[in-house]
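Listed here are the chains, written in short residue letters.
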Amino acid sequence: MNATATPSERLSELRAGVLRRSGVVGADLRQQLCELYDRWLTELFTPRAGVALVAVGGLGRREPAPHSDLDLVLLHDGKVRGLAELADAVWYPIWDSRIALDHSVRTPEQAINVAKTDLKALLGLLDIRHIAGDAGLTGRVRGGVLEVWRATAAKRLAEMKAMSKDRWSVAGDAAFLLEPNLKDSRGGLRDGQALHALAAAQLVDYPVWVRDAYPVLLDVRGELHRLAGRGGDVLYQQEQDGVAAALGLVDTEHQQGRDALLRNVNEAARAIAHALDLAWRRIESTHGSRPGRRWLRAAGREVPNRVGLAKDVVAQDGEVMLARDADPWADPALTLRVARAAAEHDLPIAPFALERLAAESAPLPVPWPDAARADFLAVLGAGHPAIPVLESLDHVGLLARLVPEWDAVRCRAQHNPVHRFTVDRHLLETAAAAAELDANLDRRDLLVVGCLLHDIGKGFPSADHSVTGAEHAAVIARRMGFPAADVATIVGLTRHHLLLPNTATRRDLDDPMTITIVREAVGDSAELLDLLHVLAVADAAATGPAAWSDWKAGLIADLVHRARAAVRGSRPPAFAPLDDERRELAERGELAVLVHENEVVVAAPDRTGTLLRSVGVLALHSLDIREASIRTHAAMAVNRFVVEPRFGQMPDAALVRSDLARALQGELGLADKLADKERTYSRRPQGAAYRRPTILWFDDATDATVVEFRGEDEIGLLFRVTSALEHAGLDVRSARVSSIAGAVVDAFYVTDRDGKAIPVQARPALESELRAAWPLSR
């Protein structure tokens with residue numbers, strides 16, 4: 001340490017030294033930072049009568065992060081002269097060290113009065129900790145603020161809860177996010193601090209499991225700050241590998257380090273959120289009417305507070321409880337009866353009931369008794385009220401006892417921005433969505449079980465989670481006691497849950513082979529086909545808004561209609577004839593453009609370059625192509641494009657035709673204009689590299705080969721791809737184009753110039769040529 005260093009330089013050097021110490025993480029890091037700040041502030045502060053320096057916030061709680069603010073209060077008795085100079089002597093060295101500072105100067109009475117009117121300030125002052133000076137002042141504030149809080153907490157609970165909900169509406173739920181906000185998300189650090197405040201008001205006890213969960217988030221936040229070199233609370237994906245490594249979470253055969261990190265964060269957040277939910281329920285039952293009690297009132301009169309719901313299951317004070325004589329060990333099916341009662345009456349299970357069931361329940365016989373299976377199906381059939389019930393079972397380990405495979409997907413992240421939930425929550429959401437869909441099905445029981453298990457394979461190492469999941473689904477369904485035919489249906493739902501959406505959006509529905517693919521997967525079972533249809537809808541609803549659209553819904557419905565006819569014995573139709581509108585345009589023999597609602601039809605001379613120039617002009621007019629049907633008639637290419645306006649409005653048909661005419665004559669400078677548009681509107685950072693695209697080949701089409709591109713979406717991407725296809729000497733017969741959450745899956749039915757399928761031996765060279773056309777960076 002430089003002996004002539006200023007206080008600010010000394011603080012910077014000391015902190016940097018702590019952060020450089022290898023192996024100092026978690027609680028050790030927080031302790032060393034806390035000791036460093038305390039010692040430096042004590043040395044800096046000039047002791048004077050009637051003055052005290054105190055810490056609040058993170059430093060007050062002894063949990064500073066490497067780059068978090070210092071929250072300090074200078075307390076005084078109102079009689080001190082030169083107070084401003086004394087404060088500046090502390091604040092300025094902190095500012096000069098470039099550490100963020102939140103500061104105030106108050107008398108104890110002022111601090112207590114602020115606590116009476118400002119809830120945020122009160123909650124911060126609950127963490128007050130003495131650093132230096134007159135400890136009596138600190139004690140007066142601590143005692144006075146705590147007295148105010150305990151006297152007024154009941155009246156301020158609504159405000160406190162509203163503050164939490166406002167945070168959650170912005171930061172989301174840390175239990176399910178790929179990039180959680182460690183502080184402000186639901187289940188984050190602020191919720192842990194809210195529990196501490198409620199406990200300080202003597203309204204609830206501080207749950208023991210939160211004492212384990214809360215430090216997990218602190219540990220991650222500390223390494224996030226250290227790695228990023230700055231303050232911040234969002235665990236961005238690009239930081240996760242480094243944070244995981246710093247915390248000793250390394251890649252294994254079955255799990256990447258960042259997945260282990262996210263699982264730890266998700267589990268900790270889920271535990272904190274669960275504790276806060278329990279706390280609010282308990283407080284509301286004591287300090288006000290609860291929504292859960294409304295059903296206990298009938299015809300304006302009170303009914304008994306303890307109401308029987310099922311054998312040995314009762315409702316009391318808005319919660320589902322065990323009857324006094326209930327014996328979980330002698331009654332293995334009791335857990336599912338409790339869960340059914342809770343889901344059907346939309347009531348939470350009392351914490352003590354959960355603890356008893358977890359500690360005392362006997363395992364269910366295998367296969368399950370019919371009554372137990374019926375109760376489980378009733379839980380799933382309740383829709384969204386089943387989700388908190390099943391998650392409460394999961395919290396105490398009961399769900400994994402019923403379905404041991406569940407632990408493999410518990411809190412498992414999905415590294416796809418289209419997904420809004422972890423795998424386990426996604427499965428619950430899918431089952432709930434399916435239960436609430438108004439579908440005319442005979443076997444809704446098989447549907448909800450299939451929905452619950454459709455992604456179970458994501459918890460196990462596999463190249464194809466559908467295949468692995470089907471194997472596990474068979475074991476689970478047999479354990480539950482389903483007969484063989486029902487097991488086969490559940491397995492089919494798991495194995496083929498992606499069949500309809502993938503086929504509908506990537507294959508030409510007019511190709512008879514497309515219908516044959518579906519027909520071979522479902523066999524003779526129209527029932528399985530209909531169940532898969534509802535599963536596809538529910539799966540998309542549970543995934544997120546980007547996974548569904550009217551266009552996709554229409555494609556899947558059309559595919560199901562055609563496949564159902566095939567299952568019932570009708571022959572798959574041959575390629576559909578050209579519709580009257582496109583035939584008429586072709587027979588005119590001139591360039592024409594028709595613009596309908598979300599559809600553009602282009603008729604142009606059938607020659608090389610027509611397709612790529614058509615899609616280029618549409619991109620220039622900010623139209624995202626979702627589907628393309630390429631046909632020829634009377635020496636004319638008559639192409640139909642299903643489109644979505646990127647900025648909400650369809651273009652003028654005459655303007656599109658004018659630009660297309662110029663493009664076909666080579667007068668528009670199409671490639672340069674698209675490059676300019678991409679530079680203007682791209683969301684990618686300048687110079688950022690594109691991920692290498694995936695190119696797949698399929699031979700399941702009629703008289704053509706399907707080549708599928710999977711990569712990152714951009715304005716003008718389809719223009720580049722079709723340009724590469726035509727440059728490689730391939731004719732595009734039809735296409736299915738889809739873009740979800742920044743990723744594209746574009747499937748093209750191609751032939752060579754002689755109209756023949758692409759031989760296998762020619763594909764490597766073609767693939768190299770296609771990849772060469774892909775941009776390396778922007």
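Treat the numbers as computed from the prediction; the structure is a model and nothing was measured. (Residues numbered from 1 in each chain as written. Predicted model: local features only at pLDDT ≥ 70, side-chain atom pairs only at ≥ 80, totals over all residues. Heavy atoms only, no water.)

### Concerning the overall build of the chain
The helix and strand tally for the chain stands at 30 helices and 17 strands. Across the chain, the fraction of contacts at a sequence separation of at least 24, relative to all contacts at a separation of at least 6, is 69%. Summing over all exposed atoms, the chain offers an accessible surface of approximately 34100 Å²; the carbon and sulfur share of this is 50%. Of note, the chain has its 94 positive side-chain charges centred 4 Å away from the centre of its 107 negative side-chain charges. (Helix = DSSP H or I, 4+ residues; strand = E, 2+ residues; numbered from the N terminus. Contact = heavy atoms within 4.5 Å. Areas by Shrake-Rupley, 256 points an atom, 1.4 Å probe, with all protein chains shown as cover. Lys, Arg positive; Asp, Glu negative; His and termini not counted. Charge placed at Lys NZ, Arg CZ, Asp CG, Glu CD.)

### Re helix H29 (residues 717-727)
H29 sits mainly inside the fold: nine of its eleven residues count as buried. Within H29, burial applies to Leu717, Leu718, Phe719, Arg720, Val721, Thr722, Ala724, Leu725 and Glu726. Just beyond H29, the residue with positive phi is Gly729, at close to 85°. (Buried < 20%, exposed > 50% of the residue type's maximum accessible area, 1.4 Å probe, protein only.)

### Here we look at the sheet that holds strand S8 (residues 313-316)
What links the strands of a sheet is backbone hydrogen bonding, and the strands pair in either a parallel or an antiparallel sense. The strand order S7-S8-S9 describes an open sheet built from three strands, whose pairing is antiparallel. In the strand order of this sheet, the two ends are held by strand S7 (307-310) and strand S9 (319-322), each with one partner. Recorded for the sheet is a direction-independent mean angle of 40° between the axes of neighbouring strands. Bridging between S8 and S9 involves four bridges; their strand directions are antiparallel. (Pairing = 2+ DSSP bridges. Axes fitted to C-alpha atoms, helices over the stretch in contact; angles between N-to-C directions.)

### A look at the pairing of strand S13 (residues 636-645)
For S13, the buried fraction is high: seven of the ten residues fall into the buried class. Across seven bridges, strand S11 (residues 599-605) lies against S13 in antiparallel orientation. Its bridge partner lying in S13, Val601 is registered against Arg640. Pairing between strand S12 (residues 623-633) and S13: ten bridges, direction antiparallel. Looking at S13, one finds that Ile630 is bridged to Asn639. Linking S12 to S13, which pair antiparallel, is a turn of two residues; within it Ala634 sits at a positive phi near 55°.

### Brief notes about the sheet that holds strand S4 (residues 129-133)
In space, the four strands of this open sheet follow the order S3-S2-S1-S4, with mixed pairing throughout. Taken across any chain shown, the strands that pair with only one partner, and hence form the sheet edges, are strand S3 (101-106) and S4. Neighbour-to-neighbour, the strand axes of this sheet turn through a mean angle of 25°, independent of strand direction. In this structure, strand S1 (residues 51-56) lies alongside S4, joined through four bridges in antiparallel fashion. Looking at the pairing, Val54 lines up with His130 of S4. Contacts from helix H4 (residues 83-96) reach S1, strand S2 (70-76) and S3, with the element oriented near 170° to S3.

### Here we look at the pattern of salt bridges
A full pass over the atoms with the stated rule returns 44 salt bridges. Its salt-bridge partner being Arg190, residue Asp184 comes within 2.9 Å of it at the nearest N-O pair. In this structure, Arg340 engages Asp375 in a salt bridge whose closest nitrogen and oxygen atoms are separated by 2.9 Å. Pair noted here: Arg340 is in helix H12 (residues 334-344) and Asp375 is in helix H14 (residues 370-381), with a separation of 35 residues, a long-range link. (Salt bridge = Lys/Arg side-chain N within 4 Å of Asp/Glu carboxyl O.)

### Some details on the nonpolar core
As a rule of thumb, soluble globular proteins bury nonpolar side chains together. Ranked by size, the top nonpolar core spans 92 residues in total, and within it Trp406 and Phe482 carry the most contacts. Ignoring anything within four residues of it in the chain, the contact list for Trp406 reads Asp394, Leu399, Ala400, Asp424, Leu427, Leu428, Leu452 and Ile456. The next biggest cluster of nonpolar side chains, apart from the first, holds 55 residues, and it includes Leu75, Leu122, Leu137 and Leu198. (Core = buried A, V, L, I, M, F, W, Y, C linked by side-chain atoms within 4.5 Å.)

### Quick notes on unusual backbone geometry
The amide bond that connects Val366 to the next residue, Pro367, takes the cis arrangement and shows omega of -5°. In this structure, Pro367 sits in the loop between helix H13 (351-360) and H14. The phi angle at Arg98 is positive, at roughly 65°, despite the residue not being glycine. Structurally, the position occupied by Arg98 is in the loop between H4 and S3. Residue Asp312 is not a glycine yet carries a positive backbone phi of 65°.

### Overview of the packing of aromatic side chains
The geometry of an aromatic ring pair is captured by the separation of the ring centres together with the interplanar angle, meaning the angle of the planes. This model, assessed by the stated rule, comprises four aromatic pairs. Between Tyr92 and Trp95, the ring centres sit 5.0 Å apart and the planes meet at 90°, which makes this aromatic pair edge-to-face. You can see Tyr92 and its partner Trp95 sitting in helix H4, three residues apart, about one turn around the helix. Take Tyr92: its relative accessible area is 45%, and that puts it in the partly exposed class. Given the relative accessible area of 35%, Trp95 is considered partly exposed. (Phe/Tyr/Trp six-rings, centres within 6.5 Å; stacked < 30°, edge-to-face > 60°.)

### Concerning the packing of helix H21 (residues 499-506) against helix H23 (residues 526-543)
Their axes nearest at 8 Å, the elements H21 and H23 cross at an angle of 80°. The orientation of H21 relative to H23 falls into the category roughly perpendicular. Across from Leu499, Leu500 and Pro501 in H21, the residues of H23 making contact are Leu529, Leu532, His533 and Ala536. Classifying every residue of the contact of H21 with H23 by side-chain character gives six nonpolar, one polar and no charged. (Parallel < 35°, antiparallel > 145°, perpendicular 65-115°, else oblique. Nonpolar A, V, L, I, M, F, W, Y, C, P; charged D, E, K, R; others polar.)

### Here's the deal with the confidence of the model for the chain
Put simply, the chain has an average pLDDT of 88, and 93% of its residues get 70 or more. Contacts for the low-pLDDT stretch residues 289-303, under 50 throughout, to residues beyond four places or in other chains number 23 contacts. (pLDDT = per-residue confidence, 0-100.)

### Quick look at the side chain of Asp455
Residue position: Asp455 is located in the loop between helix H18 (444-453) and helix H19 (465-479). Residue classification places Asp455 among the buried residues on the basis of a relative accessible area of 3%. Here His454 takes part through its side chain, which lies 3.4 Å from a polar atom of the side chain of Asp455. (Polar contact = N/O pair within 3.5 Å; in protein donor to acceptor, adjacent residues only side chain to side chain.)

### Let's talk about the packing of H21 against helix H22 (residues 512-522)
At a minimum axis distance of 10 Å, the contact between H21 and H22 shows a crossing angle of 170°. By the criterion of interaxial angle, the relationship of H21 to H22 is roughly antiparallel. Contact residues: Leu499, Leu500 and Thr503 in H21; Thr514, Ile517, Val518, Ala521 and Val522 in H22. When its residues are assigned to classes, the contact of H21 with H22 shows six nonpolar, two polar and no charged.

### Quick word on helix H5 (residues 108-117)
Within H5 the residues assigned to the buried category are Pro108, Ala111, Ile112 and Ala115. Mapping the buried residues of H5 onto a view down its axis gives an arc of 95°, with all of them on the same face. Among the structural elements, S2, S3, helix H6 (119-125) and helix H7 (135-171) are those in contact with the buried residues of H5. (Arc of directions from axis to C-beta.)

### Examining the environment of Ala663
Counting through the fold element by element, Ala663 comes out in helix H27 (residues 653-664). For Ala663, a relative accessible area of 5% gives the class buried. In the structure, Ala663 is positioned 50 residues away from Arg613 in sequence and 6.3 Å away in space, judged by C-alpha atoms. Not counting the four nearest positions on each side in its chain, Ala663 is found in contact with Arg613, Val617, Leu668 and Leu670.

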